Each structure stands twice: as structure tokens, then as C-alpha cells.
Amino acid sequence: MATKSELILDEKKMNRAITRLTHEILEQNTDPSSLGIIGILTRGAHLAKRVASLIGELEGVKVPVGLMDISLYRDDVHSKLDQPIVQQTNIMFELARRNVVLIDDVLFTGRTIRAALSQIVDFGRPKTVQLAVLVDRGHRELPIKADFVGVNIPTAKSDEIIVHLSEVDGVDSVSHSKSDQSTSSGKADKKVKPAKSKKSVSKGGKS
Amino acid sequence: MSRLSSRHLLGLEETSQEDIQLILNTAETFREVIDRTIKRVPTLRGITVVNLFYEPSTRTRISFELAEKRLSADIVNFSTSTSSVKKGESLRDTVQNIEAMKIDMVVVRHGSAGAPYFLTQCMDANIINGGDGSHEHPTQALLDMYTIRKKYKKLKGLRVVLVGDIKHSRVIRSNIWGLKTMGASVALCGPATLLPYDVEKFGCDVYTDVDEALDGADVVNIMRIQLERQQGGLFPSQREYANLFGITKERLKRLNRNYTIMHPGPMNRGVEITSEVADGKNSVILDQVTNGQAVRMAVLYLLSGRKGEEE
Amino acid sequence: MASKKYDLVITNGRVIDPALGFGKDAFVFIKDARIKKIEVESASVRNELKSFDDSQIIDASGKLVVPGLIDIHVHLREPGREGAETIDSGCRAAAAGGFTSVCCMPNTTPRIDNQETVKFVQDRAKTASARVYVVGAITKNIEGKQLAEIGDLVKMGAVAITDDGHYVQDPNMMRRALEYARMFDIPVMQHAEDKYLCDGGIMNESFQSTRLGLKGSPAAAEEIAVLRDIALCRLTRSRLHIQHVSTKGAVDAIRQAKAEGLRVTAEVTPHHLVLTDDEIGKEFNTNLRVNPPIRSEADRDAVVAGLVDGTIDCIASDHAPHTDEDKDCEFDIAPPGMIGLETTVGLMKTFLIDKGIMSWADVIRKMTYDPAHILGLPGGNLSEGAPADITIIDPDKRWTVNASKFLSRSKNSPFIGYKLSGKVYKTIMNGKIVFE
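For clarity, every value in this text was computed on a predicted model and none was experimentally measured.

Chemist: Just checking my understanding: could you explain the overall build of chain C for this structure?
Modeler: Per the secondary structure count, chain C includes 16 helices and 18 strands. Taking 2.2 N^0.38 as the reference for a compact globule, 436 residues should give roughly 22 Å; the C-alpha atoms of chain C span a radius of gyration of 21 Å, in line with that estimate. Dimensions of chain C, computed from the C-alpha atoms along their principal axes, are close to 70 × 50 × 45 Å. A total of 436 residues make up chain C; the buried ones form 59% of that total. Partitioning the contacts of chain C with sequence separation of at least 6, the portion at a separation of at least 24 is 76%.

If you want it as C-alpha cells, here you go:
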């Protein structure tokens, strides 16, 4: 193998990280009924649902959850031969005057968040938009910063962060797959890219 | 990630099931976009689309134009009612001039069958056929299929009857090929003078008795009957056409319980369709119009950015 | 020292003269633009050759030596559309295709419906590389309303009359034309296509036209036209020639008329012998737009069978040049017609001879003796004293049809890119080499 994979979060640690994240969100937003949560498809959407249900347990408030596909707002649509398959955006609540928490699994270049912010603006004018991510792996290409972070993982740019969620992948885990350059394996073999449909990889397009 | 197998949409005769599926699935997303307060996404920002209309058309042109606007494309409308038979500038010169203005996509409506194909030989832009002669009108058939699929959650196994001028209708040709590719069964019905030569070779059931054609069908897609066909002696009068082929409430009894009434418009009420039918609860005629935008947005989106590839 | 006895000798070729029933390796001697003698190899012939300069000898080893080919249906476009073709360029194309005689159609601008235009064409043709025979119009301005001055036309040298491109729609007018032409013993050549049934059709009416949504012209439009004219031929006992037969129904009708003893002759084009209408849907190639349209496979097979059994007398190209500008457009507005002079020999070899449908001798007969016979033209045979019009064919030469190699001014051939076998090697007209 040309890559070396290290498990960063197992199921238990991930749950703990999400719970902590939720507590932080509630600390910042004293009125939970003003909250609205938007998850970025695919895994951010599942995280959003988990956070919302935790808030329900902790505060007894039903926080509305929206799902967002950012394909139509990407800045690289014309530079690619293959268009991403667009999924539906579904935000069934009024954004005006809400404190919106945008949730994604991995924060990398910041371009996905830029697209999501543009889309939110087209849907309405929230009071605030805050960003929560499960993993911040650095290497921002835009001036974007998360308000709530589950775990910070220092990475090389060519590394891969692989997030599994039980809703899609049957298991909860975050692992860090180091590329040739950052390990000493020094093999010339091309790294085999993990199949996109199975795992969320914070490399390439979605970041 | 996914892509259509061609960088143009010229027709449905050779479009695969996978491609049709992809367009219809993508249209699903855009259907949601046009229900938003801000019915606009920035996806085609920086892309210039030319609507090249050599035939008068209000509906198709507006539908494409709105689809383009909702995708944030830049739009140029080039409409000419002058017949191309009259010697003006050649089609090649016209489109090469347009392309020299650095445009990316062309939606073309033209009275000559094959004109969209001709355009692919003259320019690099992505070509979308908005109707060519009596040949194809792929986006209309796609929106018809989208509308049917939305209601029944499937196309396979449904029985669709296309009623009208089978000989001259591009909508019918595209519908036949698209529906058959998707596994629907297609029946054609119209006056014998408006059935083209060897029409059975499409692989459809062909009827000249509309009541027989409607028997056990799920969907009836009714085509506008052009007055000029009567003037050309292809049927005696609109009155007789209405009697023999007009879809009336009475005739609907032959259809399956959960039937659907469609019409690509504009309608001749009281000729090919009665108002009762057109405005009845099973009519999806206005949904077709709304869905048309979503389907056209999907086609524009899926073809955009596909330049200079190997065909 | 050059022999004065002969000007030219073609050696070692296989000489085929269907008129004489000749088909042997032989030597053809030419003197004063006439064929002097044809002899099989012998010691004395070899001996005789010694007195020749190399410049007087054409070595035709492995080649076919045949009478100069005759095409009785050609559009030379001059006067009027010199951008598409001129008499000079058309005759150079003819020579390149092995034709030493062509009959030009009268639908020029002005029409060839008067003596002056006949004279104009004849004058232009004097220096051309093929003999040009003029076919005059049946009716004034090809309008089908009033007979042209046919007597004048014939006196000036017209060999037949036709309104080619248009059917003489009025049966009474056609009857008069047949009767009148009988005085001069010339055939009336008919473009048989009923305009009401054709109804603006731009391709054969078939499932292909149904598929493409292109307006179809039914085979019946030709069949009805042919049947009517045969009836008029029976009535008038005149000579009728059916141009570019394209349908099974027309072939059947002509076969029956011939069996009845009527004076009916017919021609078929290479494209109707080779192509079918399913070609059009591939890319709407406007070079496939032609009148009458290319038909179904059954029709194609029927015209081939008609040619083989003699129902159809001859092969004629209906060479119809159109400029790139005219053809580079939408299919339905493209003018009908395709060029054919330079591809006929290759097409006939590749699609008839190589497929075992006809022999070289049969094909050559349909391109020499038979067309000459229909119009009473000199030539079409290699008998002693005949004009030295000779075509030498390289029978197995493989070549690809290349638009830039055409000598015709126009390039509107649907056969561009076709790989053919059989090509003209040299063409001799009136004792002079006009193509090599």
C-alpha cells in the first residue's frame, strides 16, 4: 500500500465530538428556538439531523433542519467535463431572522462553504450564519473560519480525510489517509482513490 | 459525477435510457429551484446562450429563455420569421457570425429537418434542438415524459396514446422514441391522411378509431391540429376532425381509472380537445408548461461546459 | 522514323466492342482520327510496330480498350450557371470519366428551346474534350404550355427533346409532343414524376421519410407518370424515352411496354443503381438530394434487374453540378442533383461487375452501343472507319473518390470518400488523347 491510514475518531469519540459541538452551539445561541440548521449534502445533512435531535433532547426544542446541495453554486462547473449529479436542496423554513448553523463534515479549502453561503443568501436573509464542522483539516483557499469544530486534524494537502457515518456507510469513523509524500513509503505507485459513493473524501471537488 | 453521452441534444431517436434518466433526474432538482422565492441559481454564470429561432414560437422560446435566466446564463435572442428558402444569408454564415461573438450554447428552432445537425458541423457550441421541421422536438418529449413520470413514478409499462397529426408532428416523433426507450407502450391515432408511410415501423400500435386507441390507456397526449392541414386537403373540416378525433369527456371512459390528459399547446379548444377535458382534474397541461422549464434547465446544465470533445 | 501509315496504336489491351461482339487482346490502329483496323497479336503486327515512335504507342497491357463512352443525360449548366459548370469543364469531367460523347439537357438559362442557344452550345463545344450533342426543350421555356420550335431545333442538330427537371404534366401537351416529334424520328425524353403526387416531396416516401420528417415523394408519382406516357406512346406510336428510372413499378411498366412492341427506351443512373434512401438519415447530406429521389432497396434491386434483363437500355449519369454554396445548406432547400461523370465507371465496376451482376461487356454495351442507338449518334463502336473515340480503363485500379480531384467545377457527389475499383486510364476523342 502506498498510503497509510490512521483512525482518528471511532464511534464513541465521534459521538462525543458531536455532543460537544452541540453544547457549544447552544452556549453561543441562548435562544434555541431561533436556530435553524442546514446540512450540506450528503454527510453534512446527516450530521445536521444528529445535532438537531441532540438539541431536542437537551432543550426540548424542535429545531428545523434543511438540506442543501451546493452543486449549482460551485465555481468549477465549467472546468469539468462531468457535471456533478445535482441533489435536491430542501429548506422548508423561513431563514429571515433565524440564527442559521451551517454544518458540513470536513472543512478544507472553504469553497464548498462559499457556495453554500451564496445559496443561503438566495433563500433569504438570516440574522446570523454560523459554521459547524466535524473535522477542520486546514488548507483554506478562502477567508473562511468555522465557529464550531469537532476535531482539528493537521494534514498535508494531498492527504485524505475519510468520514464514515452510520446512516450512509454503516459505521461511524474518521480516518486520516496519508499520501506518499507525507509518509516515507516513497513508492511510485499511484494512489488508489477511494470510491466516492462509499466514502466522503475531503479531496478534489467537495471541500 | 455523470455526463450525457453527447455534447448536443439533437433528438431522442438515438438517446439512451441512461441519458434520458439522467436528464429527468436532474430536472427533479431544477423543478424545486423554480418553486423557490429567488428562482435563480448561478450555475451558468458566464455562459452565453443564443436562442436561434427561425420559426415563430412563443412558448418554447419563453420556456428556454426563462430556463436560461434561472441558470444565470447570458442570453441572446435571434429570431427571424423570414423563410430560409428566401435567399438571404446562409445558415452557415449566420451561425458562424454568431459564434464569432463568443457564445457557448445554441438553442435552435428551424423549419428544416436536420438543421440542428447542420449546426454541429458549422460551429463548436453545444446545440440543443428546439424543434426541427417535422423531425424532432426532444425537450418537449422530455418534459412530457417528466410529467408522466412525476405522476406515476415510472414510465415503463404505461400505455401512452398520441393523438393528432402523426405525419407532421416533431413532438410525436420525439415522444415515440423517448417513451419506447423508457419502456412505455405507445399507440398512435390520427386520420389516415395524417399517418406517414410505413408508420407501423415505429413499433407502435396505430389506430384511426380514437375510441379503440383510448381503450385501456393511461396517458393521452393530444396534439394541436393545424388549420393549414385542412387547407391542404388532409381532412375535410375542423368540425369533422372534432367529431372523429376530438377528445371529449365521453371518450375518456375508455381510459384507465388514473388517466392523464396532456397537450403541448397551444390548444384549439373544441377541436382536438374540449374545455371540459382540458380543464378537468386529470389534465396536467399546465404542469407540462412548468415542468418544461425544469427539463430545459437540466439539459442546459448537463450540456454546459462540454466543449471541443471528441464526439 | 515515324510511320506515316498510322497516327496512334493501342497495344496489348483487351479490346471489348459489344457492338461487334469482340472481346480479345488486340491492337487498335488509328489514322486520321478514325479507327483503321483492330488486329490480334501476330508476328506481322509485332513487325509493323517496329516502325512506330514510342510517342505513337499506348501500352494498354492489363487494360480494357472500349469504345468511347456515351452519356445521354448530362447538365453542362452553360449558359447561365457557369459557376457550377461550363461546357469546357463539364467536357473535361466527361473525358476524365471516359465519356467521349455527352448529351446536354436544355434546362439552362436561357433554356435550349431555340436555334440560337443550340448554336451557342455547339460553338462552345467545338474546342471541348468531348462531343456534345444537344437535347432541346419540348416546350417553350420548359413551361409545359406550348411546343418549342422542335423542327428548328432538330434542323440545328438537336438529337432529342426533353423538359428534364419537369414532367410534361398536361397529357394533351405530351401527346402533341410525341406526335410532333415523330415527324423527325427523335425520341421524346421524359422526366417522369407527377408533380401533384410529388407535392414538393424532397426524398423518397418511405419509412425513412417518416423517420426524418422530410416530405416524401412516392414511387407512385413516377409510376403513374410512366404508365400515362406509355399509354400515350401506344396512342401515338412515337418514340418515348424514360429518363432516370428509379422505381420497381416503372421498370415493370416499361418491361411490359417493350413486350408489347412499343417504341419505349429507358435509362438509369449510377446513383439509383447503387444507393438507397436510408443513407440520408445518417447526416442529411445534401448531395443525396436528387430528383427522382434515391429509393428503397426493393426499387434499387428492381432497376438493377431491369438493367440486366434489358428493360432499361442504358446507363446515364444525370450529371447535375451545383456549387458548394448551393449545396451547403439545410437538406430541404438544397437544389436536387449530383455530379456523376467522373464516378460512373468506378461505381459500375464496384457495384455491378465485382458483385457478379453484370459483365464488363454488358456494362460497356449499356454505356456505348445502346445509348448511341437510342439517339442515332455516331460512335459507340470500334468498327473500321468509325471515329477514333476510345476509352481505356484500368479495370482493377483501386481509388478513393476525392472531391479535390474532380475536374468538374462542382463537387456535389455523395460518393466522396467511397473506395472504388476500376478507373479510366486514358480517353481518346477524335484520335486525340483528351484525358490521361
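Chemist: Before we go on, may I ask you to explain the overall build of chain A in this structure?
Modeler: What chain A contains, in helices and strands, is four helices and nine strands. N-terminal to C-terminal, the α/β element order of chain A is β-α-β-α-β-β-α-β-β-β-α-β-β. Across the 207 residues of chain A, 42% fall into the buried class. Expressed as a percentage of contacts within chain A between residues at least 6 apart in sequence, the contacts between residues at least 24 apart total 70%.

Chemist: Would you take a moment to explain the sheet that holds strand 13 (residues 240-242) of chain C for this structure?
Modeler: Where strands meet in a sheet, backbone hydrogen bonds hold them as pairs that are either parallel or antiparallel. Residues and elements named next belong to chain C. The sheet built from eight strands is open, its strands ordered 6-7-8-9-10-13-14-15 with parallel pairing. Each of the sheet's edge strands pairs with one partner strand only, and the pair in question is strand 6 (69-74) and strand 15 (314-315). Sheet topology note: the strand 10 (residues 188-190)/strand 13 ladder contains three bridges and is parallel. Within strand 13, the position partnered with Gln190 by the bridge is Ile242.

Chemist: Which parts of the structure should I look at to understand the domain arrangement of chain C?
Modeler: Many analyses report the size of an interface as the accessible area lost when the parts associate. Residues and elements named next belong to chain C. Split by domain assignment, chain C resolves into domain 1 (8-65 + 388-435) and domain 2 (68-375). Here domain 1 and domain 2 have C-alpha centroids that lie 27 Å from each other. With 31 residues of domain 1 at the interface, the matching set in domain 2 holds 44 residues. For the side of domain 1 that touches domain 2, the secondary-structure elements that each account for two or more residues are strand 16 (390-400), strand 17 (419-429) and strand 18 (432-435). In terms of residues, the side of domain 1 that touches domain 2 owes the most to one element, strand 17, which gives seven residues.

Chemist: Mind showing me how you'd approach the interface of chain B and chain C here?
Modeler: Contacts between chain B and chain C engage 21 residues on the former and 17 residues on the latter. When residues of the side of chain B that touches chain C are traced back to their parent elements, those giving at least two are helix 3 (91-100), helix 4 (115-122) and helix 6 (170-181) of chain B. With three residues, the single largest contributor to the side of chain B that touches chain C is helix 4 of chain B. Across the side of chain B that touches chain C, the residue classes tally to nine nonpolar, seven polar and five charged.

Chemist: For this particular structure, what's the right way to read helix 14 (residues 344-353) of chain C?
Modeler: Spacing of three or four residues puts side chains on the same side of an α-helix, whose turn is 3.6 residues. Residue and element names in this part refer to chain C. Counting buried residues in helix 14 gives seven out of 10 residues, a clear majority hidden from the surface. Taken together, the buried positions of helix 14 are Thr344, Val345, Gly346, Leu347, Met348, Lys349 and Leu352. Residues of helix 14 that are buried in the fold lie against helix 10 (270-274), strand 15, helix 15 (360-367), strand 16 and strand 17.

Chemist: Would you mind showing me how to read the confidence of the model for chain A here?
Modeler: Low pLDDT means the predicted atomic positions in that stretch should not be read closely. On average, residues of chain A carry a pLDDT of 84, and 82% of them reach 70 or more. Note on residues 182-200 of chain A: pLDDT under 50 across the span, and 26 contacts to partners over four residues away in sequence or across chains.

Chemist: So what exactly am I meant to see when it comes to the pairing of strand 2 (residues 35-40) of chain A here?
Modeler: Working note: regular strand, side chains alternate between the two faces of the sheet. All names here are of chain A. Along strand 2, six of the six residues are buried, which leaves the element largely enclosed by surrounding structure. With burial as the criterion, each face of strand 2 is covered, one bearing Leu35, Ile37 and Gly39 and the other bearing Gly36, Ile38 and Ile40. The pairing of strand 2 with strand 4 (residues 99-107) spans five bridges and is classified as parallel. Counted as the bridge partner of Gly39 is Ile103 from strand 4. Note that strand 2 and strand 3 (residues 65-68) share four bridges and pair parallel. By the bridge assignment, Ile38 is partnered in strand 3 with Gly66.

Chemist: Looking at this structure, I do not really get the packing of helix 8 (residues 219-236) of chain C against helix 9 (residues 248-260) of chain C. What am I missing?
Modeler: The geometry of a pair of packed helices is captured by two quantities: the angle between their axes and the separation between those axes. Residue and element names in this part refer to chain C. Relative orientation of the contacting elements helix 8 and helix 9 amounts to 15°, with a least axis distance of 8 Å. Of the possible angle classes, the one that applies to helix 8 and helix 9 is roughly parallel. Read as a crossing pair, helix 8 and helix 9 show a hand that is right-handed. Note on element contacts: helix 9 touches helix 8 through Gly249, Ala250, Ala253, Ile254 and Ala257, opposite Ala219, Glu222, Glu223, Val226, Leu227, Ile230 and Cys233.

Chemist: Looking at this structure, I do not really get the pairing of strand 8 (residues 173-178) of chain A. What am I missing?
Modeler: Residues and elements named next belong to chain A. Alignment of strand 1 (residues 4-9) against strand 8, held across five bridges, turns out to be antiparallel. Residue pairing in the sheet places Leu7 in a bridge with Ser175 of strand 8. Across five bridges, the pairing between strand 7 (residues 160-164) and strand 8 is antiparallel. Bridge pairing links Ile162 to Ser175 in strand 8.

Chemist: Please clarify how the confidence of the model for chain C should be interpreted in this entry.
Modeler: The share of residues in chain C with pLDDT of 70 or more is 99%, and the mean pLDDT across the chain is 96. Of the two predicted TM-score estimates for the complex, the pTM is 0.89 and the ipTM is 0.92.

Chemist: Explain the nonpolar core to me, please; I cannot follow it from the model alone.
Modeler: Among the nonpolar cores identified, the biggest contains 278 residues, and B:Val161, B:Val163, B:Val220, C:Val28, C:Val132 and C:Ile161 are the most heavily contacted of them. A per-element tally of this core places helix 11 (residues 285-303) of chain B first, with 10 residues. Each residue touching B:Val163, except ones within four places of it in the same chain, is listed here: B:Cys189, B:Gly190, B:Val210, B:Ala213, B:Val220, B:Ile222, B:Met223, B:Phe245 and B:Ile247.

Chemist: What is the right way to read the environment of B:Leu302 from this model?
Modeler: Mapped onto the fold, B:Leu302 is located in helix 11. Taking C-alpha positions, B:Leu302 is 15 Å from B:Gly11, a pair spaced 291 residues apart along the chain. Residues in contact with B:Leu302, not counting those within four places in the same chain, are A:Gln83, B:Leu4, B:Leu22, B:Ile23 and B:Thr26.

Chemist: Would you mind going over the sheet that holds strand 3 (residues 105-110) of chain B with me for this structure?
Modeler: All names here are of chain B. Strand order in the open sheet formed by four strands is 2-1-3-4, and the pairing between neighbours is parallel. The sheet is open, and its two borders are formed by strand 2 (74-79) and strand 4 (126-132), each paired with just one other strand. Strand-to-strand twist in this sheet, taken as the mean axis angle between neighbours without regard to direction, amounts to 15°. Strands strand 1 (48-53), strand 2, strand 3 and strand 4 of the sheet are contacted by helix 2 (residues 59-70), whose axis makes an angle of about 180° with strand 1.

Chemist: What should I look at first to understand the arrangement of the chains in this one?
Modeler: Counting contacts across all two pairs of chains that touch, the top-ranked interface belongs to chains B and C. Chain A makes no contact with chain C; the smallest distance between any of their C-alpha atoms is 26 Å.

Chemist: Where do I start with the environment of C:Met183 in this structure?
Modeler: Residue and element names in this part refer to chain C. Topologically, Met183 is positioned in the loop between helix 5 (171-182) and strand 10. Since 11 C-beta atoms lie within 10 Å of it, Met183 is described here as exposed. Remark: the alpha-carbon pair of Met183 and Ile392, spanning 209 residues in sequence, is separated by 38 Å.

Chemist: Sorry, what's going on with unusual backbone geometry here?
Modeler: Negative phi characterises most residues that are not glycine, and trans characterises most peptide bonds. Residues and elements named next belong to chain C. In this structure, the amide linkage connecting Thr109 to the following residue, Pro110, adopts the cis form with an omega of 0°. Along the chain, Pro110 falls in the loop between strand 7 (99-104) and helix 3 (115-125). With an omega dihedral of -10°, the bond running from Asn291 to Pro292 counts as a cis peptide bond. In this fold, Pro292 is placed in the loop between helix 11 (280-283) and helix 12 (297-308). For Asp199, which is not a glycine, the phi torsion comes out positive at approximately 50°. Here Asp199 shows up in the loop between helix 6 (195-198) and strand 11 (203-204).

Chemist: Help me understand the packing of helix 1 (residues 17-33) of chain B against helix 11 of chain B in this model?
Modeler: All names here are of chain B. Here helix 1 crosses helix 11 at 115°, and the two axes come no closer than 8 Å. Crossing hand, helix 1 versus helix 11: right-handed. Contacts between helix 1 and helix 11 involve Leu22, Ile23, Thr26, Ala27, Phe30 and Arg31 on the former and, on the latter, Asn291, Ala294, Val295, Met297, Ala298, Val299, Tyr301 and Leu302. Taken together, the residues of the contact of helix 1 with helix 11 break down into 11 nonpolar, two polar and one charged.

Chemist: Quick question: what am I supposed to make of the environment of B:Met262 here?
Modeler: Residue and element names in this part refer to chain B. Inspection of the secondary structure assignment puts Met262 in strand 9 (residues 260-262). The class of Met262 is buried, set by 24 C-beta atoms lying within 10 Å. Separated by 24 residues in sequence, Met262 and Leu286 place their C-alpha atoms 8.9 Å apart. Discounting residues that sit within four places of it in the chain, Met262 has contacts with Asp144, Thr147, Val219, Val220, Asn221, Ile222, Val284, Ile285 and Gln288.

Reading the values: rules and limits
- Residues numbered from 1 in each chain as written.
- Chains lettered and ligands numbered in written order.
- Predicted model: local features only at pLDDT ≥ 70, side-chain atom pairs only at ≥ 80, totals over all residues.
- Helix = DSSP H or I, 4+ residues; strand = E, 2+ residues; numbered from the N terminus.
- Rg over C-alpha atoms; globule rule 2.2 N^0.38 Å.
- Buried ≥ 20, exposed ≤ 12 C-beta atoms within 10 Å, placed from the backbone.
- Contact = placed C-beta atoms within 7 Å.
- Pairing = 2+ DSSP bridges.
- Domains from an automatic or database assignment.
- Nonpolar A, V, L, I, M, F, W, Y, C, P; charged D, E, K, R; others polar.
- pLDDT = per-residue confidence, 0-100.
- Axes fitted to C-alpha atoms, helices over the stretch in contact; angles between N-to-C directions.
- Parallel < 35°, antiparallel > 145°, perpendicular 65-115°, else oblique.
- Left-handed = near helix turned anticlockwise from the far one by under 90°.
- Core = buried A, V, L, I, M, F, W, Y, C linked by C-beta atoms within 7 Å.

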